[in-house]
Amino acid sequence: MSTDKMLEYLVRIMIIFLVNPLHEFAHAWSAHKLGDDTAKQQGRMTISPLAHIDPFGAILLLFCGFGWAKPVPVNPRNFKNPRKGMMLTAIAGPLSNLIVGFVGLVACRLLSGSFLLSKAMYYLGLILYYFVLININLCVFNMLPVPPLDGSRVMTYLLPPKAAFWFMKHERIFYGIVMILMFTGILSIPLSWITGLILNLLDILTNWIPSVL
C-alpha cells in the first residue's frame, strides 16, 4: 500500500472518531436549542466517539469514503413547529461537516503559504487535503434527499404533508436503493460532481490566503 493511500485511511479513521461525533453532536445540540432534550437525556449531546459510532457505517466510511454514525434520537413533538424543527436539526449535521471542511481548507492554505518545505510538510498538506475532501463528501452524501439521510428531513419539510407522509412511509425502499447505488459505484458519479462544485467554491473563497502570507 502506498504512503498516500495509508494517509487517506488515517484521515478516514480521524473522521470516524473525531468528525462523525461532532456531526451527531450538532444534531443533538440543535434539537436541544429547539426544545427537544431526547438526545441529551440519552447521553448523545457529547463529542465522545463511544456515544456515536455505528459499526457498519464506520466500516463503510473506512473503505468507501461514505458512511454514517449512530443517528441521534429526536422527538419532533417537542418542537413548536415539528416539521421545521426536524429540518433544522437535520441540516445541522451536514453543516458541521461543511464548516470543519472549510476550516481544514484554510489550514491547508496557510500551510501552502509557508516557506518551510519538507517531506513532513508535504504529508501534512496531503492529510489536510483528504480531511477536507472527506468532510465535503460527507456533507453532500448526508444531504441526499433520501430517507434516512439528513436531506430527507429537508425534503419532507419542503413537500406537501401528504407527499411527505408517502415519502417517509417508503423509507426502507429508498434506503435499499441508495445502498445498491453506493455499492455499485453509480452514486459516486453525481456525488463527486457536487463535491467538486463545493470544493471549487471554497477554493475561490480561500485562494487569497497564500498570496497574503
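What you see is a predicted model, and the numbers here were worked out from it, not measured in a lab.

Chemist: What's the story with the environment of Ile99 in this structure? I'm lost.
Modeler: Summarising the element assignment, Ile99 is placed in helix α4 (residues 82–112). With a relative accessible area of 48%, Ile99 lands in the partly exposed category. Between the C-alpha atoms of Ile99 and Gly67, which are 32 residues apart in sequence, the distance is 18 Å.

Chemist: Any chance you could explain the layout of surface pockets here in plain terms?
Modeler: Over the atoms rolls a probe the size of a water molecule, and in doing so it shows where empty space is left. The volume enclosed by the largest pocket comes to roughly 490 Å³. Together, 21 residues line the largest pocket, and Pro71, Val72, Pro148, Leu149 and Asp150 are the ones closest to its centre. For the lining of the largest pocket, the elements supplying multiple residues, two or more each, are α1 (3–33), α4, α5 (119–142) and α6 (150–158). Of the volumes computed, that of the second largest pocket is approximately 190 Å³. As for the second largest pocket, its lining consists of Pro76, Arg83, Met86, Arg153, Thr156, Tyr157, Pro161, Ala164 and Met168. If you list the elements that add at least two residues to the lining of the second largest pocket, you get α4, α6 and α7 (161–169).

Chemist: Where do I start with the confidence of the model for the protein chain in this structure?
Modeler: Close inspection of predicted coordinates is inappropriate in any region flagged by low pLDDT. Within the protein chain, residue pLDDT values average 86, and 96% of them lie at 70 or more. Taken element by element, the protein chain is modelled with least confidence in helix α10 (residues 209–212), mean pLDDT 73, and with most confidence in helix α2 (residues 38–41), mean pLDDT 94.

Chemist: Is there a simple way to explain the nonpolar core in this structure?
Modeler: One recurring pattern in soluble globular proteins: nonpolar side chains tend to sit buried together. In terms of nonpolar packing, the biggest core is built from 18 residues, with Phe141, Met182, Leu187 and Leu191 touching the most fellow members. Ranked by residues supplied to this core, first place goes to α5 with four residues. With residues near it in sequence (within four places) discarded, Leu191 still touches Phe66, Val140, Phe141 and Leu144. One finds Leu7, Ile16, Val19 and Ile134 within the second-largest nonpolar core, a separate group that totals 14 residues.

Chemist: For this particular structure, what's the right way to read the pattern of salt bridges?
Modeler: A side chain with one charge can pair with a side chain of the opposite charge if their charged atoms come near. In the structure shown here, the tally under the stated rule is three salt bridges. Here Arg12 ties to Glu8 by a salt bridge, and the two come within 2.8 Å at their closest N and O atoms. One end of the pair, Arg12, and the other, Glu8, are both in helix α1, four residues apart, so they sit about a helical turn from each other. Residues Arg12 and Glu8 agree in their burial class; the two are buried. Put simply, Asp203 and Arg109 hold a salt bridge, and the shortest N to O gap is 2.1 Å. One end of the pair, Asp203, is in helix α9 (residues 188–206); the other, Arg109, is in helix α4, with 94 residues separating them in the sequence. By relative accessible area, which is 32% here, Asp203 ends up partly exposed. Of the residues examined, Arg109 reaches a relative accessible area of 16% and is grouped as buried.

Chemist: I would appreciate a short explanation of the packing of aromatic side chains in the present structure.
Modeler: Counting across every chain of the model gives two aromatic pairs. Ring centres of Tyr9 and Phe63 lie 6.3 Å apart, and the angle between their planes is 65 degrees; on these two criteria the pair is classed as edge-to-face. Taken together, the residues Tyr9 in helix α1 and Phe63 in helix α3 (residues 55–64) connect sequence positions 54 residues apart. Judged by centre distance (5.8 Å) and plane angle (55 degrees), the ring pair of Tyr129 and Tyr130 falls under tilted. The positively charged end of Arg12 is found above the aromatic ring belonging to Tyr9, 5.5 Å away from the centroid.

Chemist: Looking at this model, I keep getting lost on the side chain of Thr156. Mind explaining?
Modeler: Mapped onto the elements of the fold, Thr156 is located in helix α6. Within the structure, the side chain of Thr156 is placed 2.9 Å from the backbone oxygen of Arg153, a separation counted as a polar contact. With near-sequence residues (within four places) excluded, Thr156 lies in contact with Arg83, Ala164, Phe167 and Met168.

Calculation notes
- Residues numbered from 1 in each chain as written.
- Predicted model: local features only at pLDDT ≥ 70, side-chain atom pairs only at ≥ 80, totals over all residues.
- Heavy atoms only, no water.
- Helix = DSSP H or I, 4+ residues; strand = E, 2+ residues; numbered from the N terminus.
- Buried < 20%, exposed > 50% of the residue type's maximum accessible area, 1.4 Å probe, protein only.
- 1 Å grid on protein atoms, 1.4 Å probe; cavity = no way out; pocket = protein on both sides within 12 Å on 5 of 7 lines; lining within 4 Å.
- Points joined across faces, edges and corners; volume = space filled by probe spheres on them.
- pLDDT = per-residue confidence, 0-100.
- Core = buried A, V, L, I, M, F, W, Y, C linked by side-chain atoms within 4.5 Å.
- Contact = heavy atoms within 4.5 Å.
- Salt bridge = Lys/Arg side-chain N within 4 Å of Asp/Glu carboxyl O.
- Phe/Tyr/Trp six-rings, centres within 6.5 Å; stacked < 30°, edge-to-face > 60°.
- Lys NZ or Arg CZ within 6 Å of the ring centre and 35° of its normal.
- Polar contact = N/O pair within 3.5 Å; in protein donor to acceptor, adjacent residues only side chain to side chain.

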